Amino acid sequence: MTVAQQQRDHGAYTTRLLVLGLLAIFLMSVDHRGQYLQLLRKQTVHLTLPFYRALDWPQRAISNAFAHLSSQHELTNQIRRLEAEQTRLQGEVLRFKAITKENQELRKLLEGVQITSSELILADLVHVSMDPFSHRVVINRGSRSGVDIGMAVVDQAGLFGQVTESTINGATVTLITDANHALPVRNLRNGVRTIAYGTGDLHMLAITDLPRNTDLIVGDLLVTSGLGGRFPLGLPVAEVVAIEVHDADRFARVKARPLAAMDQAQQVLVVH
Amino acid sequence: MKFNLLRDEKALLRMSVVAAVVFTLLPFPIPLVKPYWVALVLIYWVLEATYFRRLEMVFGLGLLLDLLTGTLFGQHALSLLIMAYLLLLFRQRIRFYPPWQMTLIVFLLLANDRILQLWVLWLAGQVPTWEYWMSPIVGAAVWPWVFLLLDRIRSKQRQRQN
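Here's what I pulled together on the structure shown here. (Residues numbered from 1 in each chain as written. Chains lettered and ligands numbered in written order. Predicted model: local features only at pLDDT ≥ 70, side-chain atom pairs only at ≥ 80, totals over all residues. Heavy atoms only, no water.)

## Quick look at empty space enclosed by the protein
Then, number 1: Inspection of every chain in the model, using the stated rule, returns five cavities of 30 Å³ or more.
Then, number 2: Quantified by volume, the largest cavity comes out at close to 270 Å³.
Then, number 3: Lining the largest cavity we find 19 residues, and of these Asp131 and Pro132 of chain A together with Lys34, His76 and Arg114 of chain B sit closest to its centre.
Then, number 4: Looking at the lining of the largest cavity, the elements with two or more residues in it are helix 4 (75–94) and helix 5 (99–123) of chain B.
Then, number 5: Broken down by element, the residue count for the lining of the largest cavity peaks at three residues, all from helix 5 of chain B.
Then, number 6: Per-class residue counts for the lining of the largest cavity are nine nonpolar, seven polar and three charged. (1 Å grid on protein atoms, 1.4 Å probe; cavity = no way out; pocket = protein on both sides within 12 Å on 5 of 7 lines; lining within 4 Å. Points joined across faces, edges and corners; volume = space filled by probe spheres on them. Helix = DSSP H or I, 4+ residues; strand = E, 2+ residues; numbered from the N terminus. Nonpolar A, V, L, I, M, F, W, Y, C, P; charged D, E, K, R; others polar.)

Next comes the structure, spelled out in structure tokens:
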């Protein structure tokens, strides 16, 4: 390769770099700002989700094989533990039914909104490692099982996220800790309503627009307020862990820890 | 299309890129520390063969990766693009470096890429933790094995052809 040829090559590379680089920056800003690329993502999810499922399959097969190998003793123990748990939960459900009934009657008295009975769809998380910053996960249930865009997703402890894309056999869930997520919540203790924002940190939600004199203390439980129409009312969301008040600020800075195990959940429930 | 890894260099190219994408999506103990597999494979093919001379291809690969990992649309495209550009500029020199020096170059490229991606993340309002900076070290540690594996298969291919 002669020197002249090499230099011509370099010139061509530089032009390409500039054009494509600018295109990339343009695409990123469009993606960050607008809704246009949401459409693209919603379309491509039909291609990407089957791919994720295919990747998940061998991992699932391996863990199933290990489950077969686990000893009978271990399994017996597990069954005993689960049976105990089952009994306890059934007791709780009885209590819950009574409370639901009472709640509905009270609501009738208040002429408030009726809570429609909700159905739960059990889904497994698909083991795909997405970008650690995007706070999205993939589940193995889709529109065939009744999972639809906008539905709330919970784990045993609390609200996990909401379904943002859905195909026949799978769906993506955006976690409540996603930096772009905002969630209307209510303080269970006194009913004060506010909005909890995702921070991009899996263990933290932030409330940034609460006046300083609002009654809120560390340890308060935040539940969904049902405003906005996305989430059912009263799902536990987070516990307040820190309240910072700066003299210069008109608003308090509140940090809350999500109750759902964001980074450990294996199975979740989609609230239908 | 013949798909024989031991005969066809292009088949190896495709397989290695697909493998890199799959490795990217497989869970890693600490997600932030995961080596940048696609970049490692890209570095290999830009240096050792004439593929990926067209930056449009690199750009497309980056966009595909963006869709699959759920990053901002264009983030990986820009990152891979700049990496390929730098490699193409200094290709003639880097190719003949001894292995340890090449590993150092790979480390520098990956570290440079982290700085670039930090800029994107920062503009998007996210600040990574310290593990984020460990990825280039892991990447550089993995690089010799990626290099040796691909090089071994290709030299086998050449032996067969002769």
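## Notes on the interface of chain B and chain A
Then, number 1: With 38 residues of chain B at the interface, the matching set in chain A holds 35 residues.
Then, number 2: Of the roughly 3400 Å² buried between chain B and chain A on both sides combined, carbon and sulfur atoms contribute 71%.
Then, number 3: Remark: the boundary between chain B and chain A carries one salt bridge.
Then, number 4: Counting every contact that joins chain B to chain A gives five residue pairs in polar contact (both at pLDDT 80 or more).
Then, number 5: Looking at the side of chain B that touches chain A, the elements with two or more residues in it are helix 1 (9–25), helix 3 (55–69), helix 4 and helix 5 of chain B.
Then, number 6: The residue inventory of the side of chain B that touches chain A, partitioned by class, reads 26 nonpolar, eight polar and four charged. (Contact = heavy atoms within 4.5 Å. Buried area = accessible area lost by both parts, 1.4 Å probe. Salt bridge = Lys/Arg side-chain N within 4 Å of Asp/Glu carboxyl O. Polar contact = N/O pair within 3.5 Å; in protein donor to acceptor, adjacent residues only side chain to side chain.)

## Considerations on the sheet that holds strand 2 (residues 136–139) of chain A
Then, number 1: Here we have six strands rolled up into a closed barrel, ordered 1-2-5-4-3-12 (chain A), and antiparallel in their pairing. Direction aside, the axes of adjacent strands within the sheet are offset by 45° on average. (Pairing = 2+ DSSP bridges. Axes fitted to C-alpha atoms, helices over the stretch in contact; angles between N-to-C directions.)

## Looking at the sheet that holds strand 8 (residues 205–211) of chain A
Within a beta sheet, neighbouring strands are joined by backbone hydrogen bonds and run either parallel or antiparallel to one another.
Then, number 1: Within the closed barrel, the six strands sit side by side as 6-7-8-11-10-9 (chain A). Their pairing is antiparallel. For this sheet, the mean inter-axis angle between neighbouring strands, taken without regard to orientation, is 40°.

## Structural notes on the layout of surface pockets
Then, number 1: Approximately 1100 Å³ is the volume attributed to the second largest pocket.
Then, number 2: What lines the second largest pocket is a set of 36 residues, and nearest its centre among them are Pro132, Leu202, Met262 and Asp263 of chain A together with Pro31 of chain B.
Then, number 3: Looking at the lining of the second largest pocket, the elements with two or more residues in it are strand 1 (120–126) and strand 2 of chain A.
Then, number 4: No other element matches strand 2 of chain A, which puts three residues into the lining of the second largest pocket.
Then, number 5: Residues of the lining of the second largest pocket, tallied by class, amount to 20 nonpolar, eleven polar and five charged.

## Digging into the pattern of salt bridges
Then, number 1: Counted by the stated rule, this structure contains twelve salt bridges over all chains.
Then, number 2: With a shortest N-O distance of 2.7 Å, glutamate 56 of chain B and arginine 16 of chain A are connected by a salt bridge. With glutamate 56 of chain B in helix 3 and arginine 16 of chain A in helix 1 (residues 3–33), this pair bridges two chains.
Then, number 3: Note on glutamate 56 of chain B: relative accessible area 30%, which makes it partly exposed.
Then, number 4: By relative accessible area, arginine 16 of chain A is classed as partly exposed at 34%.
Then, number 5: The shortest N-O distance in the salt bridge between aspartate 56 of chain A and arginine 60 of chain A comes to 2.8 Å. Separated by four residues within a single helix, aspartate 56 of chain A and arginine 60 of chain A lie in helix 2 (residues 36–69), roughly one turn from each other.
Then, number 6: Overall, the relative accessible area of 26% leaves arginine 60 of chain A in the partly exposed class. (Buried < 20%, exposed > 50% of the residue type's maximum accessible area, 1.4 Å probe, protein only.)

## Details of the nonpolar core
Then, number 1: Grouped together as the largest cluster of nonpolar side chains are 69 residues, with contacts concentrated most on Tyr52 of chain A together with Trp45 and Phe52 of chain B.
Then, number 2: Those elements that provide at least two residues to this core are helix 1 and helix 2 of chain A together with helix 1, helix 2 (37–48), helix 3, helix 4, helix 5 and helix 6 (135–161) of chain B.
Then, number 3: Ranked by residue count, the leading element in this core is helix 2 of chain B, at eleven residues.
Then, number 4: Once you skip the residues sitting within four places of it in the chain, tryptophan 45 of chain B turns out to touch Glu9, Leu12, Leu13, Ser16, Thr50, Tyr51, Phe52, Leu150 and Arg154 of chain B.
Then, number 5: Counting residues in hydrophobic clusters, the runner-up holds 39 residues, among them Val147, Phe160, Val173 and Val240 of chain A. (Core = buried A, V, L, I, M, F, W, Y, C linked by side-chain atoms within 4.5 Å.)

## Looking at the side chain of arginine 136 of chain A
Then, number 1: Along the polypeptide, arginine 136 of chain A turns up in strand 2.
Then, number 2: Overall, arginine 136 of chain A belongs to the buried group, its relative accessible area being 15%.
Then, number 3: At 3.3 Å, the side chain of arginine 136 of chain A and the side chain of glutamate 165 of chain A are in polar contact.
Then, number 4: When residues no more than four places from it in sequence are discounted, the contact partners of arginine 136 of chain A are Arg41, Met130, Glu165, Thr172, Val173 and Thr174 of chain A together with Gly70 of chain B.

## What to know about the packing of helix 4 of chain B against helix 5 of chain B
Residues and elements named next belong to chain B.
Then, number 1: At a minimum axis distance of 10 Å, the contact between helix 4 and helix 5 shows a crossing angle of 150°. Between helix 4 and helix 5, the angle is such that the two are roughly antiparallel. Pair helix 4 / helix 5 crosses with right-handed handedness. Counted together, Gln75, His76, Leu78, Ser79, Ile82, Met83, Leu86, Leu87 and Ile94 of helix 4 and Met102, Ile105, Leu109, Leu110, Asn112, Asp113, Leu116, Gln117, Trp119, Val120 and Leu121 of helix 5 form the full contact between these two elements.
Then, number 2: In terms of residue class, the contact of helix 4 with helix 5 is made up of 14 nonpolar, five polar and one charged. (Parallel < 35°, antiparallel > 145°, perpendicular 65-115°, else oblique. Left-handed = near helix turned anticlockwise from the far one by under 90°.)

## Remarks on the side chain of glutamine 75 of chain B
Then, number 1: In this structure, glutamine 75 of chain B sits in helix 4.
Then, number 2: Excluding residues within four positions of it along the chain, glutamine 75 of chain B makes contact with Met28 of chain A together with Asp66, Gln117, Val120 and Leu121 of chain B.

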